[in-house]
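Remarks on the overall topology
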Amino acid sequence: MVWRKTLGQWTGLGIVTALHLLGAACGQAASPEATASPAQIEQPTPTIELTAAPTQPVLTAPPTLPPVSPTALPPSPELLAATPPAEPNAWFGPDTMALVVSGSYDQADLYALSADGAMWRLLSDVGNEARVSPDGRWLGFVRWDDAGRVTLELHDAQTGAARELASNASGGLLAFAFDPASRRLAYLDLGSYGEQGVPWALVIQDLDGNALSRYEALMSGPEDRPLPGMPVGWSGAADDELLIDTFLPGTEAGWLGVWGVTLPPDSATASLDALPLREIIPGAPAYSSELHFAPDRQAVAFLGRDSAYTPENYSPEFYDLAVNWLGLAALADGARTIIVEATDGSALARALSWSPDGERLLFAQGRYEGENFVELALKSADRNGTVVEYGPLTLPPRGGLLQLAWCDPAQALYVTWSGEDGLERLVSFNMYTGVSTELSVGQRLEIIGCAP
């Protein structure tokens, strides 16, 4: 089994990234030792107030889409090494639909992907957790050295310059997020357990200069709220409110609550305890997935599970990470709504994407056999829970779904993994015909952003 990151280092993000690797236990490297398993971590049992929560989603077949059947994938095309003319101020060129990281665990490159499936290389040797700023100017990713030190590397498409941000904290620089204006980024600076507890800080770094602000806290015990949290992005419903996804350091206990931290208007360094804080989503099982901001940043989508529900024929070998509901949290008032809930023995795949206009959410629903899905259908839901089905996804043997991206109204992108060959596949899906077309195959494939 190969892990992209250990959960002790990257709790909350690490579980999600490692899902596809859990099913690939045969023929791959052994997993790292866990300090504690989710079954050993006592999770809070929150009460979720649901508004307009349909108990059974309404399924409507799109009248313009003909019936489709699983389609055999054509051979993967060669990646183009030449770089076509691009806009000087952004990683997104005029023909770019999405940015993709492709390669091996040791060496991966950044590629631009066009709507017709062509790919061309933009940058070599891209690290982990790559993401691009909303305006497309900044590309960021992290690296680990042999001593476990983490460095955040930033590449400016406007100037061609690169810079590094390093953390001296023993826990490292964990997770980062760009603000909507692409002027700043936030990251978690995490220390290690000491006599007084675990020191941690949210750090806000100016992208055009060296100014930064630190908001420090000390976790003296697991009862502290909020716990250390990964920055996931800025809310659009409050002035300078940063959302963090909290976890318990040194364990694999993640998804312990989403909190909003209101930053001071003068960017002055202060204690985190002195800042306005609010809980937006309580801990698992209220949610157990990454958060997906709506394009207007007024809501976040998430996946969760009814603790009393078990999908049919589901028998996980390692972690029980099945989900059966798709929810929305409004950031203005924190109201949470379940818009899709599987109750017929099926389950939802752990992947989501907003439509380009922000009106619908793309997801996949299907059935398990053991710990792997044997079938998945691509669907979308509006905010009222009305569901449209587009057709089946093509899954490799003993595999699963890693990512969804709806960058173009006419086509979706998805990434799968295979438990047989250990490879990931980037596939396009025609929303009108239901045809899947394989675009690339490799050890590592990540869709890091759609063109604005």
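Residues numbered from 1 in each chain as written. Predicted model: local features only at pLDDT ≥ 70, side-chain atom pairs only at ≥ 80, totals over all residues. Heavy atoms only, no water.

**Quick notes on the pairing of strand β28 (residues 411–418)**
Spelled out, the test is: For every residue, the accessible area obtained with a 1.4 Å probe (protein chains only) is divided by the maximum for its type, and the residue is called buried under 20%, exposed over 50%, and partly exposed between those limits. Put simply, DSSP marks the helices as runs of H or I at least four residues long and the strands as runs of E at least two long, and each gets a number from the N terminus on. Whether two strands pair comes down to DSSP finding at least two bridges between them.
With eight of eight residues buried, β28 is to be regarded as a mostly interior element. Burial along β28 is two-sided: Q411, L413, V415 and W417 and A412, Y414, T416 and S418, pointing in opposite directions, are all buried. A loop of two residues connects strand β27 (residues 399–408) with β28, the two strands running antiparallel in sequence. Of the pairings in the sheet, the one linking β28 to strand β29 (residues 424–430) comprises seven bridges and is antiparallel in character. When the sheet's bridge partners are listed, Q411 is paired in β29 with N430. Hairpin remark: β28 followed by β29, antiparallel, with five residues in the connecting loop; positive phi at G422, about 70 degrees.

**Some thoughts on the sheet that holds strand β8 (residues 162–166)**
To keep things clear, this is the line we draw: Here an axis means a line fitted to C-alpha atoms, over the contact stretch when the element is a helix, while the angle between two N-to-C directions is reported on a 0 to 180 degree scale.
In spatial order, the strands read β5-β6-β7-β8; together these four strands make up an open sheet with antiparallel pairing. For this open sheet the edge positions go to β5 (128–132) and β8, each flanked by a neighbour on one side alone. Across the sheet, the mean angle separating the axes of adjacent strands is 20 degrees when strand polarity is ignored. Bridging between strand β6 (residues 138–144) and strand β7 (residues 150–156) involves seven bridges; their strand directions are antiparallel. Note that in β7 the partner of R143 across the bridge is T151.

**Let's talk about the state of the cysteines**
What counts here: Here, two cysteine sulfur atoms that lie within 2.5 Å of each other are counted as a disulfide.
Evaluation of the coordinates by the stated rule reveals one disulfide. Here C407 is linked by a disulfide to C450, with a sulfur-sulfur distance of 1.9 Å. What sets the handedness of the C407 and C450 disulfide is the S-S torsion sign, and at about -65 degrees it is left-handed. Separated by 43 residues along the polypeptide, C407 in strand β27 and C450 in strand β31 (residues 444–450) bring together distant segments of the chain. A relative accessible area of 14% means that C407 is categorised as buried.

**A few points about the environment of T96**
Heads up, the condition is: The contact criterion used throughout is that any non-hydrogen atoms of two residues lie within 4.5 Å.
Tracing the backbone through its elements, the reader meets T96 in the loop between β1 (58–60) and β2 (98–103). Among the residues examined, T96 registers a relative accessible area of 9% and is labelled buried. Along the primary structure T96 and Y111 are separated by 15 residues, whereas in three dimensions their C-alpha atoms are 9.6 Å apart. Setting aside residues no more than four positions away along its own chain, T96 makes contact with A112, L113, W120 and A451.

**Structural notes on the sheet that holds strand β15 (residues 258–262)**
Pairing in this open sheet of four strands is antiparallel, and the strands run β13-β14-β15-β17 from one edge to the other. Strands with a single pairing partner mark the edges of an open sheet, and in this sheet they are β13 (229–234) and β17 (277–281). Adjacent strand axes in the sheet meet at a mean angle of 30 degrees when their direction is disregarded. Of the pairings in the sheet, the one linking β15 to β17 comprises four bridges and is antiparallel in character.

**Topic: the pattern of salt bridges**
What counts is decided by this rule: The salt bridge definition used is simple: a Lys or Arg side-chain nitrogen within 4 Å of an Asp or Glu carboxyl oxygen.
On inspection of all chains with the given rule, the structure shows 17 salt bridges. Note that D240 and R184 form a salt bridge whose closest N and O atoms lie 2.8 Å from each other. Here D240, found in the loop between β13 and β14 (241–246), pairs with R184, found in strand β10 (residues 184–190); they are 56 residues apart in sequence, far enough to count as distant. Notably, a salt bridge pairs R367 with E312, separated by 3.4 Å at the nearest N-O pair. Of this pair, R367 sits in strand β24 (residues 360–369) while E312 sits in the loop between β19 (299–304) and β20 (325–330), and the two are 55 residues apart along the sequence. According to the relative accessible area criterion, E312 is partly exposed, its value standing at 43%. One network of salt bridges, in which partners are shared, links D125, R143 and E153.

**Focus: the side chain of S289**
Filter applied, for reference: The term polar contact refers here to a pair of N or O atoms within 3.5 Å; inside protein, the definition further demands a hydrogen-donor-capable atom paired with an acceptor-capable atom, and it admits residues adjacent in sequence only when both atoms are side-chain atoms.
Relative to the helices and strands, S289 resides in the loop between β17 and β18 (292–293). The buried category is assigned to S289, whose relative accessible area is 5%. A polar side-chain atom of S289 sits 2.8 Å from the main-chain amide nitrogen of L303.

**Quick look at the pairing of strand β30 (residues 436–442)**
Of all seven residues that make up β30, five are buried, and the element is covered over most of its length. The pairing of β29 with β30 spans six bridges and is classified as antiparallel. Of the residues in β30, the one forming a bridge with V427 is E438. In this structure, the hairpin formed by β29 and β30 is closed by a connection of five residues, where G434 is found at a positive phi of approximately 75 degrees.

**Points about the environment of D382**
Its location among the elements puts D382 in strand β25 (residues 372–382). For the pair formed by D382 and L362, sequence separation is 20 residues and the distance between their alpha carbons is 9.2 Å. Apart from residues no more than four positions distant in its own chain, D382 is found in contact with I339, E359 and R360. At 2.9 Å, the side chain of D382 forms a polar contact with the backbone nitrogen of N384.

**Here we look at the packing of aromatic side chains**
This is how the line gets drawn: Stacked, tilted and edge-to-face pairs are distinguished by plane angle, under 30 degrees for stacked and over 60 for edge-to-face with tilted covering the rest, among Phe, Tyr and Trp rings (Trp via its six-membered ring) whose centres lie within 6.5 Å.
One pass over the structure, following the stated rule, counts four aromatic pairs. Note on Y314 and Y368: the rings are 4.4 Å apart at their centroids and 40 degrees apart in plane angle, and the pair reads as tilted. With Y314 in the loop between β19 and β20 and Y368 in strand β24, this pair connects stretches of sequence that are 54 residues apart. For Y314, a relative accessible area of 12% gives the class buried. On the basis of relative accessible area, Y368 is assigned to the buried category, the value being 8%. Measuring from ring centre to ring centre gives 6.4 Å for Y390 and W406, while their planes differ by 75 degrees; the resulting arrangement is edge-to-face. With a gap of 16 residues between them, Y390 in strand β26 (residues 386–392) and W406 in strand β27 connect regions that are remote in the sequence. Per residue, the accessibility class of Y390 equals that of W406, and both read buried. Ring pairs connect the aromatic residues Y314, Y368 and F373, which therefore count as one cluster.

These values are about where atoms sit, not about what they do.
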